[in-house]
Structure formats: C-alpha cells, structure tokens
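So you can see what is in the structure, the chains are spelled out below.
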Amino acid sequence: MTNDAAKKEGQTLGKRCPVCQKPADKAHTPFCSARCADVDLHRWLSGRYVIPGKPLSPERDEE
Ligand SMILES: [Zn+2]
C-alpha cells in the first residue's frame, strides 16, 4: 500500500472493477459499486461455492 495512492480521494489504487471494468470505488473495493460486488458474488457462488447461510455483512463498515 502506498501513501500516494491513499492520498487520492475518489480514486482507488488503480484497480478496476472485475465486473464492468470501471474504476473501483474504495468503499466497494475491488468493485465499483455494491451492485457489481453482488453480481460477482453471485457468479462466484453459483460457479464454485455454496456458502452455508452466511449473510453478506462487511465488518469494515466504520470509516
Ligand atoms: Zn462495476
């Protein structure tokens, strides 16, 4: 992690959303939005894994 990248508010560390290739949002890293995170999660779940009833609740919500 570099301080230079952290300084740039509104920009993340040069990452792009793996779903739609837009610049990622730091609140939803590595995705651009909660929607894309959800899309990816569903792909991931349906593709390989089944999570046993664990709700999606990010714990790093306090910034
Ligand atoms: Zn996206």
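Summary of the structure given here.

Procedures and definitions
Residues numbered from 1 in each chain as written. Predicted model: local features only at pLDDT ≥ 70, side-chain atom pairs only at ≥ 80, totals over all residues. Heavy atoms only, no water. Helix = DSSP H or I, 4+ residues; strand = E, 2+ residues; numbered from the N terminus. Buried < 20%, exposed > 50% of the residue type's maximum accessible area, 1.4 Å probe, protein only. Contact = heavy atoms within 4.5 Å. Areas by Shrake-Rupley, 256 points an atom, 1.4 Å probe, with all protein chains shown as cover. Donors = N, O, S within 2.8 Å, 3.2 Å for Na, K, Ca; no water. Tetrahedral: all angles 85-135°; square planar, octahedral: opposite > 155°, others 65-115°.

### A few points about the overall build of the protein
Next up, step 1: Across its full length, the protein carries two helices and zero strands.
Next up, step 2: Expressed as a percentage of the 63 residues in the protein, the buried residues total 11%.
Next up, step 3: Residue pairs in contact within the protein that sit at least 24 positions apart in sequence constitute 5% of those at least 6 positions apart.
Next up, step 4: Only carbon and sulfur atoms are counted for the fraction: they give 52% of the accessible area of the protein, which is about 5600 Å².

### Overview of the coordination of the zinc ion
Next up, step 1: The zinc ion binds to the protein through Cys17 (SG), Cys20 (SG), Cys32 (SG) and Cys36 (SG), with metal-donor distances spanning 2.3 Å.
Next up, step 2: For the zinc ion, the four donor atoms in the first shell make angles of 103 to 119° at the metal, a pattern classed as tetrahedral.

### Here's the deal with the environment of aspartate 38
Next up, step 1: One can find aspartate 38 in helix α2 (residues 34–47).
Next up, step 2: Separated by 19 residues in the primary sequence, aspartate 38 and valine 19 place their C-alpha atoms 9.8 Å from one another.

### Focus: unusual backbone geometry
Glycine aside, residues mostly have negative phi, and peptide bonds are mostly found in the trans state.
Next up, step 1: Look at the link from threonine 29 to proline 30: it is a cis peptide, with omega at 0°.
Next up, step 2: Turning to its location among the elements, proline 30 is positioned in the loop between α1 (3–7) and α2.
Next up, step 3: Positive phi values are uncommon outside glycine, yet glutamine 21 reaches one of about 70°.
Next up, step 4: The class of glutamine 21 is partly exposed, set by a relative accessible area of 46%.

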